[in-house]
Amino acid sequence: MSLIEANLKLTLQDGARRFELHLQLDTEGPVLALFGASGSGKTLSLQLLAGLRRPDSGQLRIGGRTLFDSARGINLPPQERELGYVFQDYALFPHMTVQQNIGFALTRWFRPQLKGGNARRVGELLDRFDLADVAQARPADLSGGQRQRVAVARAIASKPKLLLLDEPFAALDTLLRRELREQLKVWQRLWRIPMVIISHDPEDVFSLADQALVMHGGHIAKTVDLHQKDATL
Ligand SMILES: Nc1ncnc2c1ncn2[C@@H]1O[C@H](COP(=O)(O)OP(=O)(O)OP(=O)(O)O)[C@@H](O)[C@H]1O
């Protein structure tokens, strides 16, 4: 079965500036890289998948489930899409501790305490992501690498069907980048969560993904099977 089946259109207009996005893909993943020049439409594409922006028209199915279909009037809100999102700047809640950030999706405003299986899940993530020592710290008191690990742990806490990562290594130096890339690979294998990763870095693409979607001017200009020996982007 396809992981993502999308045929989505969106036109953005701001004065004389106009951008037409047409995201058309049918892929099994499990790890996809969205690669392309700045302004080619990568972040917009991720926002359409996540439901953070509404396409003008089209259909979207993830794991066989229809999330959007303009003809049938279907548009599931982000919280019902069962997706995890790691934002470029991580977007951690500054007033919450690491533990509360990770547990956020598992709690409700009227019942903020983590109980039973959810508490165990957060404990497991704190250990796995090497964050147990900083569980009670707030994001401002963490290193860049720790913040990134909190963002990934928070995004997978509720066992999403697909994890979306927007430039997850952009804010990190080269050494840390390499280390976290290897970690992400290990986590992906461990939890078997399909992923879509935006990156400018061919090294990320080749080491993490099964398939690269090369975006250009708002559409997918080519799809590259990265398991081919002579694959080029
Ligand atoms: N309201 C708008 N009106 C017109 N064009 C817009 C509007 N908002 C965004 N755009 C354009 O949409 C394009 C795609 O933006 P997007 O953020 O998806 O690019 P990107 O590929 O993620 O770039 P980067 O790698 O720099 O993050 C950009 O060229 C941007 O200028």
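Residues numbered from 1 in each chain as written. Predicted model: local features only at pLDDT ≥ 70, side-chain atom pairs only at ≥ 80, totals over all residues.

A count of helical and extended segments in the protein chain gives six helices and eleven strands. Considering only contacts within the protein chain whose residues lie at least 6 apart along the sequence, 65% involve residues at least 24 apart. (Helix = DSSP H or I, 4+ residues; strand = E, 2+ residues; numbered from the N terminus. Contact = placed C-beta atoms within 7 Å.)

Formed by 56 residues in total, the largest nonpolar core has its most connected members in Ala33, Ala153, Leu164 and Val196. The element contributing the most residues to this core is helix 4 (residues 144-156), with six residues. Taken domain by domain, this core gets at least three of its residues from each of domain 1 (1-82 + 162-233) and domain 2 (95-159). Beyond its immediate chain neighbours, meaning those up to four positions away, Ala153 contacts Ile102, Leu125, Phe129 and Leu131. (Core = buried A, V, L, I, M, F, W, Y, C linked by C-beta atoms within 7 Å. Buried ≥ 20, exposed ≤ 12 C-beta atoms within 10 Å, placed from the backbone. Domains from an automatic or database assignment.)

Residues in close proximity to the ligand total 14 residues, the closest being Asp14, Ser38, Gly39, Thr43 and Leu44. Those elements giving two or more residues to the shell around the ligand turn out to be strand 1 (4-14), strand 2 (17-27) and helix 1 (42-50). (Near = placed C-beta within 6 Å.)

Right, let's talk about the environment of Phe87 for a bit. Looking at where Phe87 falls in the secondary structure, it is placed in the loop between strand 7 (83-86) and helix 2 (98-103). Taking the C-alpha atoms as reference, Phe87 lies 14 Å from Met195; in sequence the two are 108 residues apart.

A few words on the environment of Ile62. The topology assignment puts Ile62 in strand 4 (residues 57-62). Between the alpha carbons of Ile62 and Glu82 there is a distance of 9.6 Å; along the sequence they are 20 residues apart. With residues near it in sequence (within four places) discarded, Ile62 still touches Leu3, Ile4, Leu67, Lys161 and Leu162.

On to unusual backbone geometry, then. Here the residue pair Gly29 and Pro30 is connected by a cis peptide bond, since its omega of 0° sits within 30 degrees of zero. Tracing the backbone shows Pro30 in the loop between strand 2 and strand 3 (31-36). Backbone geometry at Glu82 places phi at a positive 55°, although glycine is not the residue there. The residue Lys159 is not glycine, and still its phi comes out positive at about 50°. Along the chain, the position of Lys159 falls in the loop between helix 4 and strand 8 (162-166).

The next point concerns the confidence of the model for the protein chain. With 97% of its residues at a pLDDT of at least 70, the protein chain reaches an overall mean of 91. As scored by the predictor, the complex reaches a pTM of 0.92 and an ipTM of 0.96. (pLDDT = per-residue confidence, 0-100.)

A few words on the packing of helix 4 against helix 5 (residues 174-191). With their axes 11 Å apart at the nearest point, helix 4 and helix 5 run at an angle of 20° to one another. Here helix 5 runs roughly parallel to helix 4, going by the angle between their axes. Once helix 4 is placed against helix 5, the crossing between them reads as right-handed. Across from Gly144, Gly145, Gln148 and Ile156 in helix 4, the residues of helix 5 making contact are Leu176, Leu180 and Trp191. Class assignment for the residues of the contact of helix 4 with helix 5 results in four nonpolar, three polar and no charged. (Axes fitted to C-alpha atoms, helices over the stretch in contact; angles between N-to-C directions. Parallel < 35°, antiparallel > 145°, perpendicular 65-115°, else oblique. Left-handed = near helix turned anticlockwise from the far one by under 90°. Nonpolar A, V, L, I, M, F, W, Y, C, P; charged D, E, K, R; others polar.)

Right, let's get into the environment of Glu167. Following the sequence through the fold, Glu167 ends up in the loop between strand 8 and helix 5. Taking C-alpha positions, Glu167 is 9.1 Å from Thr43, a pair spaced 124 residues apart along the chain. Ignoring anything within four residues of it in the chain, the contact list for Glu167 reads Gln88, Ile198 and Ser199.

Residue pairs spaced three or four apart in an α-helix point in one direction, given the helix's 3.6 residues per turn. Under the 1.5 Å per step criterion, the end-to-end length of helix 5 is 26 Å for 18 residues, consistent within 8% with the ideal 26 Å. Trailing helix 5 by a residue or two, Arg192 shows a phi angle of about 50°, which is positive. (Expected span 1.5 Å × (residues − 1).)

Time to look at the pairing of strand 7. Of the two faces of strand 7, both are covered, the one formed by Leu83 and Tyr85 as well as the one formed by Gly84 and Val86. Bridging between strand 7 and strand 8 involves four bridges; their strand directions are parallel. From the neighbouring strand, Val86 faces strand 8, where its bridge partner is Leu165. (Pairing = 2+ DSSP bridges.)

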